[in-house]
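Tertiary structure, described
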Number of protein chains: 2
Amino acid sequence: MTDVGRLAGVSQVTVSRALSSPQKVSPQTLQRIEDAIRQTGYVPNAVAGALASNKSNLVAALMPSVTNIVYSSMLHAFSDIMWGHGYQIMFSETGFDLDREEKAIATHLSRRPDAMLLTGIHHSPGARRMLVNTGIPVVEVWDITDTPIDCCVGFSHAGAGIAAADFAIGAGYRHAVTITAGDERARRRRDAFTTRFAKLSQTEVPAVDFDTSASLGLGRQALARVLEQGVSPGTVLFCSSDQFAQGLLAEAAARGLSVPRDIAVIGFGDQEFAAYTEPSLTSIRIDRQILGQLAANALVDRFAIGTTLNAVHDVGFELVRRASA
Amino acid sequence: MTDVGRLAGVSQVTVSRALSSPQKVSPQTLQRIEDAIRQTGYVPNAVAGALASNKSNLVAALMPSVTNIVYSSMLHAFSDIMWGHGYQIMFSETGFDLDREEKAIATHLSRRPDAMLLTGIHHSPGARRMLVNTGIPVVEVWDITDTPIDCCVGFSHAGAGIAAADFAIGAGYRHAVTITAGDERARRRRDAFTTRFAKLSQTEVPAVDFDTSASLGLGRQALARVLEQGVSPGTVLFCSSDQFAQGLLAEAAARGLSVPRDIAVIGFGDQEFAAYTEPSLTSIRIDRQILGQLAANALVDRFAIGTTLNAVHDVGFELVRRASA
DNA sequence: GTGAAAGCGCTAACAT
DNA sequence: ATGTTAGCGCTTTCAC
């Protein structure tokens with residue numbers, strides 16, 4: 001920057017101003033500085049800038065997994081808007097593990113991000129403490145609570161489970177089994193579903209639980225397990241993910257079972273393929289695009305006016321009925 | 001850090017040392033410093049550290065899209081390894097747009113990353129210049145070239161197109177149509193396929209091209225377009241993505257067409273669902289996990305020994321034959 | 001094993 | 001509209 005200034009015949013500060021607030025520099029000077037920048041191939045050092053101004057224009061985004069479309073589409077929408085406002089994204093995967101999340105938070109905080117996006121509302125005490133101490137804007141997504149660290153944008157997982165149970169009962173199913181991945185939020189949906197369905201149907205609701213992420217292959221295994229235990233005809237399977245549901249459908253087809261006659265299937269996430277499976281998949285839809293955008297906007301508002309209007313934003317969900325249940 | 005030092009009765013430098021090279025500090029002092037850190041809730045400032053040491057422990061990763069599993073799984077593998085080596089990831093989406101990529105590169109370079117991952121081997125002249133000027137390690141992934149900026153890990157897209165054509169001819173197909181998304185690498189696969197297939201079959205290979213990303217819905221549209229133009233029985237459709245292929249399959253089922261008898265389908269990417277579609281999908285598989293890992297390792301080697309052994313790493317691909325072709 | 005001094009490349013505050 | 005000065009919180013270098 002000093003070099004650029006020398007070449008343009010001005011001081012280093014003027015170069016700094018030319019870059020950050022060009023209107024404060026006379027047009028001629030600005031021109032000479034721009035030329036000098038081009039000649040020298042000067043690349044600003046945002047690290048020094050961040051240190052001096054105590055503003056990094058960096059936002060940290062933590063999520064369980066990028067390979068899951070459910071999170072990556074949120075990240076996409078979020079980063080798109082943040083980028084538009086001049087922020088860059090540092091990201092880490094936390095894999096449904098609070099300890100890993102705490103470590104990631106600590107590391108990210110050392111970079112002095114201007115804000116942080118966290119997936120979920122449950123965090124280790126240490127994580128919460130660090131976040132509260134630094135006082136940066138934090139948005140928790142994909143869930144809601146009355147006591148967010150700062151603000152949150154999501155939906156009620158218990159609500160989704162209840163909605164699925166009510167739908168299933170309304171559709172005439174009197175038996176159910178849950179298929180659940182190793183994810184705390186999925187378990188909360190399962191529990192709400194099970195409680196509600198059991199109450200309304202007066203039957204037990206067996207559970208098939210995995211302690212890893214959902215996948216097509218596990219979905220196939222799940223059906224095998226369900227059939228081993230024996231199912232009444234007209235049982236509905238409530239899955240914690242469309243991945244499971246797709247696997248279930250594939251396995252049912254392979255075994256010559258008719259869906260939804262022999263077994264009915266409800267997915268979660270309403271992924272693009274849900275409309276195109278055979279039979280098409282009944283699922284719970286969350287607008288991830290909107291969710292990511294609202295999360296970004298919450299932070300941007302927070303930067304601008306110092307506080308968010310609505311600390312808790314429920315984006316809701318929608319049960320999309322198709323052919324599988 | 002000064003505060004911590006005061007509390008521990010040592011100078012600020014000693015605290016710095018205790019953090020970066022504990023073995024250079026006496027055990028007692030270390031203990032007192034650790035206590036002081038805990039008491040004060042001190043969080044290191046990596047921004048200042050990066051400025052002073054000219055080492056950011058930050059790696060930039062640019063890719064067209066995170067919502068595409070093909071890229072996100074690479075990112076996952078890459079960031080996993082980099083994180084294990086103490087690096088954090090700054091990421092941006094570039095959306096198959098070289099101008100956007102150039103802007104993103106410039107912005108990222110201002111953060112002084114220690115290395116950069118780029119998707120693809122084609123970049124704007126400006127982007128290339130900046131990268132060469134800074135001289136940081138750069139790994140280009142998902143493609144190969146004899147003239148990488150620094151090093152690259154990928155496979156030959158032309159090779160994949162040729163392999164698909166050879167396979168189709170070998171399987172007895174004498175007519176083909178290509179379905180291609182708005183992606184330069186997809187077009188290169190298409191062109192190689194078309195040239196080879198046309199030569200071997202002595203027929204024309206019509207193209208259905210889109211200028212956006214592949215999706216299931218577009219795949220359905222693609223079949224409609226293909227059928228409008230009229231296809232000979234036993235035509236094989238070479239898709240630039242499994243998404244297209246899945247859409248094609250869905251549309252074929254909806255129209256009562258038999259796959260592969262009426263039309264055959266070859267996908268690209270071998271996504272998890274490829275084995276479970278009806279009929280199961282013949283596709284081209286790339287080991288994205290390995291690809292991401294090799295990219296990370298190339299950078300880590302570069303940090304350690306200053307140069308990579310193999311600047312160009314061809315991870316290859318595998319045509320996985322299933323029922324659709 | 002520990003400390004003092006210098007400086008990384010910027011921005012902020014104040015002066016002109 | 002431009003320059004001067006100070007300093008952000010570390011690491012590096014050199015002393016002791």
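Our subject is the structure listed above.
**Looking at the nonpolar core**
Phe78(A), Trp142(A), Phe78(B) and Trp142(B) are the most contacted members of the largest nonpolar core, which has 92 residues in total. Counting 23 residues, the second largest nonpolar core, distinct from the first, contains Leu223(A), Leu248(A), Ala252(A) and Leu281(A).

**Describing the interface of chain B and chain A**
Taken residue by residue, the interface counts 45 residues in chain B and 45 residues in chain A. In terms of surface lost to chain A, no three residues of chain B exceed Gln88(B), Arg111(B) and Tyr276(B), which account for 17% of the buried area on that side. One can count zero salt bridges joining chain B with chain A. For the pair chain B and chain A, the interface holds 20 residue pairs in polar contact (both at pLDDT 80 or more). Where the side of chain B that touches chain A is concerned, the elements lending two or more residues are helix H4 (46–53), helix H5 (69–84), strand E2 (88–93), helix H6 (98–109), helix H10 (216–229) and helix H11 (242–254) of chain B. Of the residues in the side of chain B that touches chain A, the class split is 21 nonpolar, 17 polar and seven charged. Pairing of strand E2 (residues 88–93) of chain A with E2(B), which is carried by three bridges, proceeds in the antiparallel orientation. Paired with Phe91(A) across the strands is Ile89(B), a residue of E2(B).

**Some thoughts on the protein's contact with DNA strand D**
Taken together, 21 residues lie near DNA strand D, and Val13(A), Thr14(A), Thr29(A), Gln12(B) and Ser16(B) sit nearest. If you look at DNA strand D and keep only atoms within 4 Å of the protein, 56% of those are sugar or phosphate atoms. Here a phosphate oxygen of DNA strand D sits 2.2 Å away from a polar atom, N or O, in the side chain of Ser16(B). Between Ala48(B) and DNA strand D, the recorded distance is 3.4 Å, taken from a backbone N or O atom to a base nitrogen. Those elements giving two or more residues to the surface near DNA strand D turn out to be helix H2 (12–20) and helix H4 (46–53) of chain A together with helix H2 (12–20) and H4 of chain B. Take the surface near DNA strand D: its biggest share by element is four residues, from H4(B). Looking at the surface near DNA strand D residue by residue, the class counts come to ten nonpolar, nine polar and two charged.

**As for the packing of aromatic side chains**
Per the counting criterion, the structure on display carries 19 aromatic pairs over all chains. For the ring pair Tyr71(B) and Trp142(B), a centre distance of 5.9 Å and an interplane angle of 65 degrees mean the geometry is edge-to-face. Of this pair, Tyr71(B) sits in helix H5 while Trp142(B) sits in the loop between strand E4 (138–141) and strand E5 (151–154), placing them 71 residues apart in sequence. You can call Tyr71(B) buried: its relative accessible area is 2%. According to the relative accessible area criterion, Trp142(B) is buried, its value standing at 3%. Three or more aromatic residues joined by ring pairs make a cluster, and in this case those are Tyr71(A), Phe96(A), Trp142(A), Phe155(A), Phe268(A) and Phe317(A). Cation over ring: Arg189(A) sits above Phe268(A), and NZ or CZ is 3.6 Å from the ring centre.

**Digging into the protein's contact with DNA strand C**
Residues in contact with DNA strand C amount to 21 residues; listed here are only the nearest, Gln12(A), Ser16(A), Thr14(B), Arg17(B) and Thr29(B). Sugar and phosphate atoms represent 60% of those atoms of DNA strand C found within 4 Å of the protein. One nitrogen or oxygen atom from the main chain of Asn45(A) is found 3.4 Å from a phosphate oxygen belonging to DNA strand C. Among the elements that take part in the surface near DNA strand C, H4(A) stands out by supplying four residues, more than any other. Of the residues in the surface near DNA strand C, the class split is ten nonpolar, nine polar and two charged.

Cut-offs used in this document
- Residues numbered from 1 in each chain as written.
- Chains lettered and ligands numbered in written order.
- Predicted model: local features only at pLDDT ≥ 70, side-chain atom pairs only at ≥ 80, totals over all residues.
- Heavy atoms only, no water.
- Core = buried A, V, L, I, M, F, W, Y, C linked by side-chain atoms within 4.5 Å.
- Buried < 20%, exposed > 50% of the residue type's maximum accessible area, 1.4 Å probe, protein only.
- Contact = heavy atoms within 4.5 Å.
- Buried area = accessible area lost by both parts, 1.4 Å probe.
- Salt bridge = Lys/Arg side-chain N within 4 Å of Asp/Glu carboxyl O.
- Polar contact = N/O pair within 3.5 Å; in protein donor to acceptor, adjacent residues only side chain to side chain.
- Helix = DSSP H or I, 4+ residues; strand = E, 2+ residues; numbered from the N terminus.
- Nonpolar A, V, L, I, M, F, W, Y, C, P; charged D, E, K, R; others polar.
- Pairing = 2+ DSSP bridges.
- Near = heavy atom within 4 Å.
- Phe/Tyr/Trp six-rings, centres within 6.5 Å; stacked < 30°, edge-to-face > 60°.
- Lys NZ or Arg CZ within 6 Å of the ring centre and 35° of its normal.

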